[in-house]
Amino acid sequence: MNGDATVYSYTVVRRALIPELRALVPYVLALVELDEGVRVMTVIRGADPDEVAIGMAVRVSFERVGQTTLPIFRPRTSRPGAPEARAGAEA
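Just so you know, these numbers come straight off a predicted model, no measurement behind them.

Conventions and cut-offs
- Residues numbered from 1 in each chain as written.
- Predicted model: local features only at pLDDT ≥ 70, side-chain atom pairs only at ≥ 80, totals over all residues.
- Heavy atoms only, no water.
- Pairing = 2+ DSSP bridges.
- Helix = DSSP H or I, 4+ residues; strand = E, 2+ residues; numbered from the N terminus.
- Core = buried A, V, L, I, M, F, W, Y, C linked by side-chain atoms within 4.5 Å.
- Buried < 20%, exposed > 50% of the residue type's maximum accessible area, 1.4 Å probe, protein only.
- Salt bridge = Lys/Arg side-chain N within 4 Å of Asp/Glu carboxyl O.

Asker: Would you explain the pairing of strand β4 (residues 57–65) in this entry?
Answerer: Looking down a regular strand, the side chains alternate between one sheet face and the other. Bridge analysis of strand β1 (residues 4–13) against β4 gives three bridges, and the strand direction is antiparallel. Directly across from D4, in β4, lies its bridge partner R59. Here β4 runs beside strand β5 (residues 68–75); their pairing, made up of eight bridges, is antiparallel. Counted as the bridge partner of V58 is P75 from β5.

Asker: Hey, could you run me through the nonpolar core in this one?
Answerer: Generally speaking, a soluble globular protein has its nonpolar side chains buried in company with each other. In this structure, A5, V7, V28, V32, I44, V58 and F73 are the most contacted members of the largest nonpolar core, which totals 13 residues. The leading source of residues in this core is strand β2 (residues 27–34), at four residues.

Asker: It is not clear to me how the pattern of salt bridges should be interpreted in this structure. Could you clarify?
Answerer: In a structure, side chains of opposite charge can pair up when their charged atoms sit close to one another. Taken as a whole and assessed by the stated rule, the structure comprises five salt bridges. When the shortest N-O distance is used, the salt bridge between D4 and R59 registers 2.7 Å. On the criterion of sequence distance, the pair formed by D4 in strand β1 and R59 in strand β4 is long-range, its members being 55 residues apart. R59 shares its class with D4; the two are buried.

Have a look at this one:
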């Protein structure tokens, strides 16, 4: 898997359901389709929630949350395999 995907569907969460999430809103909860055809529920980071759109090109990145590392996606701004594209991905 190359980590590239396209936003298939999304919603912008603007209201925290619990007080602990207030600092995170607004955020984008999305269903992305990997280039290989698999769909994954995720969060989009690094984009203004109002600029996210169906069909937007995104690339996987990883975010540490406690003792777990979660895949998240960010807008794809460069061609796959370019040094600047790999720099933001952490394992």
